[in-house]
Amino acid sequence: MSGIDIHHTHSLKPKEARKAVEELAEKLSERFEMDYRWEGDRMHFSRSGVDGFIALAAKDLHISAKLGFLLSAFRGPIESEIRRVLDERFS
């Protein structure tokens, strides 16, 4: 099983960072039928072939995802897109 592990710094206020993660999760949910739920400052997400979380901290976020066999072939493009969105929304 392949995985993605990204740490990304940000300068957003906690409320703004949480809102940005929520908006991202809503788009992913609509586009890829992904389920998500908050547990404190950690959002867990899953769907067939993907299981992971986004952990919010005051100055950074941590994204970790386990990719199933089929999606592991697309690990590079998936990680690149995540980094692009993080740069766009959290820089």
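Notes on the structure follow. Computed from a predicted structure; not experimentally measured. (Residues numbered from 1 in each chain as written. Predicted model: local features only at pLDDT ≥ 70, side-chain atom pairs only at ≥ 80, totals over all residues. Heavy atoms only, no water.)

### What to know about the pairing of strand β4 (residues 50–56)
For a regular strand, side-chain orientation follows a simple rule: the groups alternate between the two sheet faces. Counted residue by residue, β4 has six buried out of seven residues, so it is predominantly covered. Pairing of strand β3 (residues 42–47) with β4 involves six bridges; the strand directions are antiparallel. For Phe45, the partnering residue across the bridge sits in β4 and is Gly52. Counting the residues in the hairpin turn of β3 and β4 gives two residues, including Gly49, whose phi is positive at 90°. Pairing of β4 with strand β5 (residues 60–67), which is carried by seven bridges, proceeds in the antiparallel orientation. The residue of β5 that forms the bridge with Asp51 is Lys66. In this antiparallel pair of consecutive strands, β4 and β5, the connection spans three residues. (Buried < 20%, exposed > 50% of the residue type's maximum accessible area, 1.4 Å probe, protein only. Helix = DSSP H or I, 4+ residues; strand = E, 2+ residues; numbered from the N terminus. Pairing = 2+ DSSP bridges.)

### So, the side chain of His8
With respect to the element layout, His8 can be found in strand β1 (residues 2–9). Only 3.4 Å separates the side chain of His8 from the backbone oxygen of Leu86, close enough to count as a polar contact. The residues contacting His8, other than those within four sequence positions of it, are Lys59, Asp60, Leu61, Leu86, Asp87, Phe90 and Ser91. (Polar contact = N/O pair within 3.5 Å; in protein donor to acceptor, adjacent residues only side chain to side chain. Contact = heavy atoms within 4.5 Å.)

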